Amino acid sequence: MQWMVWEESSPEEQKAILDRPVSDTSAQLREGVRAILGAVQSEGDAALRAFTQRFDGVVLAPEAMEVSPAEKLAAREKVSPATIAALNLAKENIERFHRQQITKRIELPTMPGVRCYRETRAIEKVGFYIPGGSAPLPSTVLMLGVPSSIAGNAQRILCSPPQKDGSMHPVILMAAELCGIERIFKVGGAQAIAALAYGTETIPKVDKIFGPGNSWVTEAKLQVAGDARGAAIDMPAGPSEVLVIADDKADPTWVAADLLSQAEHGSDSQVILVSTSRKMATAVQAAVEEQVKSLPRQELAREALKQSRCIIAANLQEALSISDAYAPEHLILQVEEPEVWARKVQNAGSVFLGPWSPESAGDYASGTNHVLPTHGYARSYSGLSLESFTKHITFQHLSREGLAALGPAIEELARLEGLEAHRRAVAIRLRPEERL
């Protein structure tokens, strides 16, 4: 861990220790993604199969790209009862929490004769991307599928890379079934984002794309979001990150476990400890060294830990200020009276209060969503919620009396902005003699 005593450091040093490593946004990456997007747009399914063979080492027949009913049935039999029970519990909590986010219709007269209201509509077509890699991510299926089910999105498409034998991991299919997601495709990487954004002969085009991915997937999402013919995306994404604030009463072994649970995500994961006690921080570092030895993914965790930081703060108020400056995806408050300090948090994706609230709870089953803003975007973005799958439409209904009362102000503002047709749209209603 890189150590720093905050109050003994210059503003430049403080800024440097909170800087994220530069992500891969090289010209080569951008051009590579642009080429994949172009190929999928022009060649459709043929390009998808070619990229699947090239990047995943899997040859898919045209009819095998979409998961069949028989494959879903076979997958169900491969998932253990314990796994199904865990998925169901997580689903129920996620559903319980997100159902409370349903927004009410807003209606009010802003003045006599002028009635305004706002209603919620589900986004019609949404696409979910679930990464492949070394382990399946059924929790992400739930985090996307459950709120979309509550929102009532009419069309939901899921893409995920195939396994080496050409199948979809059975637990991914099981999670999708629990969420009622019917159309599932064995396509991964930037090519899956292209298919969702533009559509192919087999995969329908969607209006908004959700889900995490590697640098190629992230770049693809950014490019299609910037294309009027493409699709909106959930949020900008970067490597996963955690910041733990620990006072001198925290258990160093528990703090170490929280740091490692983030570090094992990948070599680019961000891990920061902010403590008011040098003794505590030293104990945490020792516990990290001891615990990492027994992790199955210790090589990835060790790579992440090379970039980890330990910051000694003078007090908890300073620790909170450091956290707000960093704006972490996950913030863990291993301090006394965490509820009190939580009220002071300004920038964070999701906050975990007290010693019994590990990040893993939110990642899997407490009920909050684990798709969260990274790379400092917590300063301006929220994590995924029910609203992410909906949109709001405003309405207004004016009577003649309402327009008569409002008209002079409208006409004056239109005249001020030089928009004569705007002014006339009011004037010809109120003063027929002004009709041309």
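Residues numbered from 1 in each chain as written. Predicted model: local features only at pLDDT ≥ 70, side-chain atom pairs only at ≥ 80, totals over all residues. Heavy atoms only, no water.

## Topic: the sheet that holds strand 8 (residues 232–233)
Pairing is parallel in the open sheet, where five strands are placed in the order 6-5-4-7-8. A strand with exactly one partner marks an edge of an open sheet, and here the two such strands are strand 6 (183–186) and strand 8. Sheet topology places strand 7 (residues 208–210) next to strand 8; two bridges connect them, and they run parallel. Paired with lysine 208 across the bridge in strand 8 is alanine 232. (Pairing = 2+ DSSP bridges. Helix = DSSP H or I, 4+ residues; strand = E, 2+ residues; numbered from the N terminus.)

## Concerning the sheet that holds strand 1 (residues 2–5)
Spatially, the six strands line up as an open sheet ordered 1-11-10-9-12-13, and their pairing is parallel. Only two strands of the sheet have a single neighbouring strand rather than two, namely strand 1 and strand 13 (350–353). Going across the sheet, the axis of each strand differs from the next one's by a mean of 15°, ignoring polarity. Note: strand 10 (residues 270–275) against strand 11 (residues 309–312), four bridges, orientation parallel. When the sheet's bridge partners are listed, valine 274 is paired in strand 11 with isoleucine 311. Of the strands in this sheet, strand 1, strand 9 (241–246), strand 10 and strand 11 touch helix 11 (residues 278–292), which is tilted by about 175° from strand 1. (Axes fitted to C-alpha atoms, helices over the stretch in contact; angles between N-to-C directions. Contact = heavy atoms within 4.5 Å.)

## Description of the packing of aromatic side chains
Between two aromatic rings, the relevant description is the distance of the centres plus the angle of the planes. Evaluation of the coordinates by the stated rule reveals seven aromatic pairs. Arranged with centres 6.4 Å apart and planes meeting at 75°, the rings of phenylalanine 128 and phenylalanine 389 form a pair that is edge-to-face. A residue pair is termed long-range when its members are at least 10 positions apart, and phenylalanine 128 in strand 4 (residues 125–129) and phenylalanine 389 in the loop between helix 15 (359–364) and strand 14 (390–398) qualify at 261 residues. The exposure classification of phenylalanine 128 matches that of phenylalanine 389, with both residues buried. An aromatic cluster of three or more residues is present, and its members are Phe128, Phe210 and Phe389. In this structure, arginine 20 packs its charged tip against the face of tyrosine 326, placed 3.6 Å from the ring centre. (Phe/Tyr/Trp six-rings, centres within 6.5 Å; stacked < 30°, edge-to-face > 60°. Buried < 20%, exposed > 50% of the residue type's maximum accessible area, 1.4 Å probe, protein only. Lys NZ or Arg CZ within 6 Å of the ring centre and 35° of its normal.)

## Topic: the nonpolar core
Among the nonpolar cores identified, the biggest contains 34 residues, and Phe128, Val141, Leu142, Leu158, Ile181 and Ile184 are the most heavily contacted of them. Those elements giving two or more residues to this core turn out to be helix 5 (81–99), strand 4, helix 6 (138–151) and helix 7 (170–178). Sort the elements by how many residues they give to this core and helix 6 lands first, with seven residues. If we skip the residues at most four places from it in the chain, phenylalanine 128 touches Leu144, Gly145, Ser148, Arg156, Ile157, Leu158, Cys159, Ile181, Leu196, Phe210 and Phe389. Membership of the second largest hydrophobic core comes to 31 residues, among which are Val33, Ile203, Ala220 and Ile233. (Core = buried A, V, L, I, M, F, W, Y, C linked by side-chain atoms within 4.5 Å.)

## A few points about unusual backbone geometry
A positive phi angle is found at alanine 327, which is not glycine, with a value near 60°. For alanine 327, the position within the fold is in the loop between helix 13 (316–326) and strand 12 (330–334). Classification of alanine 327 by relative accessible area gives buried; the value is 0%. Here the phi dihedral of histidine 375 falls at roughly 60°; this positive angle occurs in a residue that is not glycine. By the element assignment, histidine 375 lies in the loop between helix 15 and strand 14.

## A look at the environment of glutamate 201
The residue glutamate 201 is located in the loop between helix 8 (189–198) and strand 7 in this model. With 155 residues separating them in the primary sequence, glutamate 201 and alanine 46 have C-alpha atoms 9.4 Å apart. Non-local contacts of glutamate 201, meaning those with residues more than four positions away in its chain, are made with Glu43, Gly44 and Asp45. Engagement of the side chain of glutamate 201 in a polar contact is seen with the backbone nitrogen of aspartate 45, the distance being 2.8 Å. (Polar contact = N/O pair within 3.5 Å; in protein donor to acceptor, adjacent residues only side chain to side chain.)

## Regarding the environment of alanine 47
Of note, alanine 47 is situated in helix 3 (residues 45–56). The sequence separation of alanine 47 and isoleucine 36 amounts to 11 residues, and the corresponding C-alpha distance is 8.3 Å. Sequence-distant contacts of alanine 47, defined by excluding residues within four places in its chain, comprise Ala39 and Val40.

## Concerning the pattern of salt bridges
Per the counting criterion, the structure on display carries 23 salt bridges. A salt bridge links glutamate 107 to arginine 105, with the shortest nitrogen-to-oxygen separation between them at 2.2 Å. The exposure class assigned to arginine 105 is partly exposed, which follows from its relative accessible area of 43%. Of the charged contacts in the structure, one is a salt bridge between glutamate 411 and arginine 431, with a shortest N-O distance of 2.8 Å. You can see glutamate 411 sitting in helix 16 (residues 400–416) and its partner arginine 431 sitting in the segment after helix 17 (420–430), a full 20 residues away along the chain. The class for glutamate 411 is buried, based on a relative accessible area of 6%. Members of the salt-bridge network, linked through shared partners, are Arg105, Glu107, Arg115, Glu119 and Arg121. (Salt bridge = Lys/Arg side-chain N within 4 Å of Asp/Glu carboxyl O.)

## Topic: the side chain of aspartate 247
Take aspartate 247: it is sitting in the loop between strand 9 and helix 10 (252–263). Summary of buried charges: aspartate 247 has no salt-bridge partner, and the nearest side chain of opposite charge, lysine 249, is 6.5 Å away. Within polar-contact distance, the side chain of aspartate 247 engages the backbone nitrogen of lysine 249 at 3.0 Å. A distance of 2.8 Å separates the side chain of aspartate 247 from the backbone nitrogen of glutamate 336, its partner in a polar contact. (Lys, Arg positive; Asp, Glu negative; His and termini not counted.)

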